[in-house]
Each structure stands twice: as structure tokens, then as C-alpha cells.
There are 2 protein chains.
Amino acid sequence: MKFNQATDYAFRAVLYLANQTRGKVVDAQTISQSQVIPMRFLLKIMPSLIKSRIVGSQRGVGGGYYLAKAPGEITLLDVVEAIEGPVTINKCLIDPSYCSKDGAPGCPVHRTLGEIQEKLVQELRNRNFDDLMHKARQE
Amino acid sequence: MKFNQATDYAFRAVLYLANQTRGKVVDAQTISQSQVIPMRFLLKIMPSLIKSRIVGSQRGVGGGYYLAKAPGEITLLDVVEAIEGPVTINKCLIDPSYCSKDGAPGCPVHRTLGEIQEKLVQELRNRNFDDLMHKARQE
DNA sequence: TATATTGTTTACCTTTTTAGTATAGTTTTA
DNA sequence: TAAAACTATACTAAAAAGGTAAACAATATA
């Protein structure tokens, strides 16, 4: 029951970009070093954030990554889904044929976990990177 | 971001025992067959539920497993923790030395995930197996 | 326009975890 | 005492996680 390492790195990379002046382009090495993320690994996960339109990139000299929207427009859920795909806390919530008992909408375990999953998703959707930036300052 | 298979099996095994007449002893094979759980695997995870005092066991002829308390006294969290240990959605929530930035109580990602984790734990604690039994009947 | 810089793509590798199986042992009842 | 039933421990195969490497494509600028 954990987010994976790539997601954790992505949270920190996005937060780092959010803390730059709007639209500033930062190269992978700078992000990697400041956030202590293995460079090659960072380079591998960034395209996922780009596909989800969370960040943009620019190649060539002076290139790098930049936030593609305002921090307040990016939720934790956006980042999680970009890296891990949809949040599903239990197998039977993806594969309907999985539940051994009471197939259809039957299995009470299935349904209860579905409700809990929905709460989790809501929590993730309710927090954006503007919140996180202020959280840092409040400290 | 998933519960593992063993936890899923445990949910179903406990719910099955909850649906028996109070204190009834059911052998592993019966549980295994009715819930479609590999017998050997079930035999391996049951001791975890016993250590957490969720179920009890009896060896020898006519032996098996039984619920050690009322279904209403067993929460989903109890079962999850019995099988997987404490719920921790992010590495930095277990290992304080992990956060690369702002060590101490600093990292806003750390703290925000901590809040979300607490919500998840509350949801799991708020649901017990009596709820699940009624959920099944309502359908 | 050549070249160094910087991200992209794809493939590969190692380690850990997961899911499941096997075997020998202990308890209990008939 | 023998069969039934759980216990403990070890083992294994497959998948996922985490990370690395190499060849490639785009871009700025000298």
C-alpha cells in the first residue's frame, strides 16, 4: 500500500518547478541535483508528466523542463495518475471477473473497498501544488 | 497503490467466518474452496490473523478456524495491519532520514501525504465486518 | 552550418517483492 | 495410535521496482 519511488520523485520535481518563477525552464541536471533524484531515472519519468500536460520540455542548449500550468491547477492526483495510472487499491476493482463470489456488483468487499478508494482519490484531488508551496512557507 | 493478494484473501476469509454462526469452527479446506483461495496460501496467512487476535484456531480432528471476536469488533484496518503491517503510503513516512530536503518535519510532500494517509486509515478503521455482512444482505 | 547541449526512446539489468508450493512437525480426537 | 488438521520454515518462479546505458533527435549559438 505505497506509492512508488517514481511518484515520490515526481511530486518533488513538480514542486520544485512550481517554486520557480512562472514558466522558467530548468534542466534535468539541476532538478536532479537539488532534489537528489538519480538523473537517468528523472529523465525517464519526466515524459510521463509531459504526456499528462503537467510539465513541458524544451530540447537543445538552454533547454529543460517547465511547469505547463499554474501550480494551483495541478493536483496530487494528476501526478499520481501520470506516473502510476489510475488509483486502484484492490484487484477486484479493475477486473470485474475477479471476485470469486457474487460476481456482478455483488461482493461486499469489492464495494466497500471501492468506497474507500473513492475517498482516497478525493483527498488526492483536493490538494494542489499551490497548497504545497504554502505549506512549505508556513513552517 | 494496492493492497496485496494476501490481504484480499484475508478480507474474504474473515467475512466468511463472520457469516457463520458465532464461534463455529471451519477447517481451512472449506474456507479455501468456498472462497476460491489456494489452500496452502490460506494456511500461510491465517497465523497472521491469529497473532492479531482476529481469529482463533484449533488443531486436530474437527479443528479449524473461528472468529475470535464479534464481527462488529473487527475493522478493515485490523485485517490490513495483520497482514501487511502498518499502512504507509510513502517511504518518507517511515524513514525520517529519507527526505532529501528539509530533513526534520520539513518536506511539504511528506506532511501532505501524512495527512492523506491518516484519512485513509480512518476510513479503514470506520468499517467493520458487521457493516460488510449487512452490505451483502442489502443487495 | 557544425557542434555541443539537452531531452527522447528503447532496451537492458539487478534486486526485491509477490504469490504460491513443499516438507517436516505438532496437536488433538476418536 | 492413527488420521485429521493446523504450524513453521524453507524454497521457487514470476513479476515489479528501481536504476543504467546507448543511440537518437532537436535546438541554440558560435
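That block above? That's the structure.
Cut-offs and rules
Residues numbered from 1 in each chain as written. Chains lettered and ligands numbered in written order. Predicted model: local features only at pLDDT ≥ 70, side-chain atom pairs only at ≥ 80, totals over all residues. Heavy atoms only, no water. Contact = heavy atoms within 4.5 Å. Buried area = accessible area lost by both parts, 1.4 Å probe. Salt bridge = Lys/Arg side-chain N within 4 Å of Asp/Glu carboxyl O. Axes fitted to C-alpha atoms, helices over the stretch in contact; angles between N-to-C directions. Helix = DSSP H or I, 4+ residues; strand = E, 2+ residues; numbered from the N terminus. Parallel < 35°, antiparallel > 145°, perpendicular 65-115°, else oblique. Left-handed = near helix turned anticlockwise from the far one by under 90°. Expected span 1.5 Å × (residues − 1). Buried < 20%, exposed > 50% of the residue type's maximum accessible area, 1.4 Å probe, protein only. Near = heavy atom within 4 Å. Polar contact = N/O pair within 3.5 Å; in protein donor to acceptor, adjacent residues only side chain to side chain.

Asker: What am I meant to see in the interface of chain A and chain B here?
Answerer: Where the parts come together, the accessible area they lose is often given as the size of the interface. Residue-level contacts link 40 residues of chain A with 40 residues of chain B. Looking at the side of chain A facing chain B, the largest losses of area belong to Met1, Lys2 and Ile116 of chain A, adding up to 17% of the total buried there. Seen at the junction of chain A and chain B, the total is four salt bridges. The partner of Arg127 of chain B in a salt bridge is Glu115 of chain A, with the nearest N and O atoms 2.4 Å apart.

Asker: How should I be thinking about the packing of helix H3 (residues 39-51) of chain B against helix H4 (residues 76-84) of chain B in this particular structure?
Answerer: Any two packed helices are characterised by how steeply their axes cross, that is the angle between the axes, and by the distance between the axes. Residue and element names in this part refer to chain B. Two elements in contact, H3 and H4, have axes whose closest approach is 9 Å; the angle formed by their N-to-C orientations is 120 degrees. Between H3 and H4, the interaxial angle falls into the category oblique. For H3 against H4, the interelement crossing comes out right-handed. Every residue of H4 that contacts H3 at Ile45, Ser48 and Leu49 is listed here: Val79, Ala82 and Ile83.

Asker: Would you take a moment to explain H3 of chain B for this structure?
Answerer: An α-helical turn contains 3.6 residues, so any two residues separated by three or four positions project in the same direction. Residues and elements named next belong to chain B. Taking 1.5 Å per residue, 13 residues should reach 18 Å; H3 reaches 19 Å between its end C-alpha atoms and fits that length. All of the buried residues in H3 are Leu42, Ile45, Met46 and Leu49. In this structure, the buried side of H3 is in contact with helix H1 (5-18), helix H2 (28-35), strand S1 (55-58), strand S2 (64-67) and H4. Positive backbone phi, at 60 degrees, marks Arg53, one or two positions downstream of H3.

Asker: Is there a simple way to explain the protein's contact with DNA strand D in this structure?
Answerer: As a structural note, the neighbourhood of DNA strand D is formed by 24 residues, with Gln5, Lys44 and Arg59 of chain A together with Ala28 and Gly64 of chain B the closest of them. Between DNA strand D and the protein, one listed contact pairs a phosphate oxygen with a backbone N or O atom of Ala28 of chain B at 2.9 Å. In the model, a sugar or linking oxygen of DNA strand D is placed 3.2 Å from a nitrogen or oxygen of the Arg59 of chain B side chain. Residue assignment for the surface near DNA strand D shows that the elements contributing at least two residues are helix H1 (5-18) and helix H3 (39-51) of chain A together with H3, S1 and S2 of chain B. The leading source of residues in the surface near DNA strand D is H3 of chain A, at three residues.

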